[in-house]
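The chain contents come next:
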Amino acid sequence: MAMSVFVTRRIPAEGLRVLSQASGCRVQQWDSEEPVPRAELLAGVAGAQGLLCLLSDRIDREVLDAAGPGLKVISTLSVGFDHLALDEIKKRGIRVGYTPDVLTDATAELSVALLLSACRRLPEAAQQVRSGGWTTWKPLWMCGHGLSDSTVGIIGLGRIGQAVARRLKPFGVRKFLYTGSGPKPESAAEFGAEFVPLARLAEESDFVVVTCALTPATQGMCNKDFFGRMKKTSVFVNTSRGAVVNQEGLYKALLGCSGTPERVRALLPLSLCPWALSSDPGCPLPAQGGCGEPGGSVQGTAGMLRHTREGQSSAPPVPVSLCPEQ
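Criteria and thresholds
- Residue positions are counted from 1 within each chain, in the order its sequence is given.
- Side-chain atom pairs in this predicted model are given and counted only at pLDDT of 80 or more, local residue features only at pLDDT of at least 70, and totals for whole chains, interfaces and linings cover all residues.
- The side-chain figures draw on all heavy atoms in the structure; neither hydrogens nor water molecules are used.
- The pairing criterion is simple: DSSP has to find at least two bridges between the two strands.
- Only DSSP runs of H or I with at least four residues qualify as helices, and only runs of E with at least two residues qualify as strands; both kinds are numbered from the N terminus onward.
- Note on contacts: a residue pair is in contact if any heavy atoms of the two residues lie within 4.5 Å.
- Angles run from 0 to 180 degrees between N-to-C directions of axes, and those axes are lines fitted to C-alpha atoms, restricted for helices to the stretch in contact.
- Classification of residues uses two cut-offs on accessible area relative to the type maximum, computed with a 1.4 Å probe and protein chains only: under 20% is buried, over 50% is exposed, and between them is partly exposed.
- How far a helix is expected to stretch is found by multiplying one less than its residue total by 1.5 Å.
- For every residue, the pLDDT score states the predictor's confidence, bounded by 0 at the bottom and 100 at the top.
- Ring pairs are drawn from Phe, Tyr and Trp, using the six-membered ring of Trp, whenever the two centres fall within 6.5 Å, and their geometry is named by plane angle: stacked under 30 degrees, edge-to-face over 60, tilted for the rest.

A. The arrangement of the sheet that holds strand β7 (residues 175-179) in detail. The 5 strands lie next to each other as β8-β7-β6-β9-β10, forming an open sheet whose pairing is parallel. In this open sheet, the two edge strands, each paired with only one partner strand, are β8 (194-195) and β10 (235-238). Examined bridge by bridge, strand β6 (residues 151-155) and strand β9 (residues 207-210) share 4 bridges and lie parallel to one another. Across the sheet, residue Ile154 finds its bridge partner in β9, namely Val209. Its contacts with the sheet place helix α5 (residues 104-119) against β9 and β10, and it is angled at close to 155° to β10. Docked against the sheet, helix α7 (residues 159-168) engages β6, β7 and β9, running at close to 165° with respect to β6.

Set out below in structure tokens:
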């Protein structure tokens, strides 16, 4: 009997062919750039042996029940996995595939791009040029902050955190600090990075880059107290999940620094803050596409097919064991 696989979004054609051309594999797809509606997800997964989902799809007990006992494997086209009900998935012996390291370089490059854009005030300067605000060179106009002789704090020295540090080191960073679930002396040695508590990282860093995974321990960890400890001139970059940042705490901390509600509102992520605006020139707000690459979809579908085949065999399910830091 043909394996039934449900794909929750439009993905690159090459990745879809990996599944469609597989012997005995029948693919059903929600063919849209937009997230699959909940009702369509529940209907599409019914009776499926494989599910290829995205981080925007909440795969919980309701979805697993709708799929039925035949579901053998779930593959998510993401590094993060906080949208998967892992405990329930483990109970049912379902294999899980994800795409670690596929977008490590892309995400690290985006992190550095955001950091440089913010500290050198590139969006503000570009807007001034377009609007006629720039007239001539002025010694004190649009001055920024440099990386040379600075302290960079990284929250989550996993694959992406290390890739960010590797790219920042040639800029003359004086010191790297990091925090996370525990010390990583072997990884930190490359950068001479020091493991410190979160509070000290906030207090001493000129630049803070968040690259940790979203877990119960990290949710909302960058809160009002954290931002209150940061230097007034610090640059904060989050290329992790938005929920790692307590948005209300960030808003209040920034309001305390700038005293301008309109400007502060524009600094916050649109998807998480109803008061956020996108017009502020001082805050680079990248689209998700900034770190997307088609190769991730191809590798994700290929991994799902491999896991599905293994799941259909008589071998016992592979335990779900995923990396807590990106």
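B. Looking closely at unusual backbone geometry. Phi at Asp101 takes a positive value of approximately 75°, unusual for a residue other than glycine. We classify Asp101 as partly exposed; its relative accessible area is 47%. Of note in this structure, Arg121 is not a glycine but carries a positive phi near 55°.

C. Examining α5 more closely. The terminal C-alpha atoms of α5, which comprises 16 residues, lie 23 Å apart, in line with the 22 Å expected from a rise of 1.5 Å per residue. Among all positions of α5, only Thr104, Ala106, Thr107, Ala108, Leu110, Ser111, Val112, Leu114, Leu115, Ser117 and Cys119 are buried. Against the buried residues of α5 lie α6 (122-131), α7, β9 and β10. Downstream of α5 by a residue or two, Arg121 has a phi angle that is positive, lying close to 55°.

D. Examining the confidence of the model for the protein chain more closely. In this model, the protein chain carries a mean pLDDT of 82, and residues with pLDDT of at least 70 account for 78%. A low-confidence stretch, residues 312-325 stays under pLDDT 50, and its non-local contacts, those more than four residues away or across chains, total 29 contacts.

E. Quick look at the packing of aromatic side chains. All told, the structure shown has 6 aromatic pairs when counted by the stated rule. Their ring planes at 85° and their centres at 6.0 Å tell us that Phe81 and Tyr98 sit as a pair that is edge-to-face. Within this pair, whereas Phe81 is found in the loop between β4 (73-76) and α4 (86-91), its partner Tyr98 is found in the loop between β5 (95-97) and α5, the two being separated by 17 residues in sequence. Accessibility expressed as a relative area gives 13% for Phe81, which makes it buried. A ring pair is formed by Phe226 and Phe236, whose centres lie 6.3 Å apart and whose planes are at 65°; its orientation type is edge-to-face. Here Phe226, found in helix α10 (residues 224-229), pairs with Phe236, found in strand β10; they are 10 residues apart in sequence, far enough to count as distant. For Phe226, a relative accessible area of 2% translates into the label buried. What links up through ring pairs into an aromatic cluster is the set Phe226, Phe227 and Phe236.

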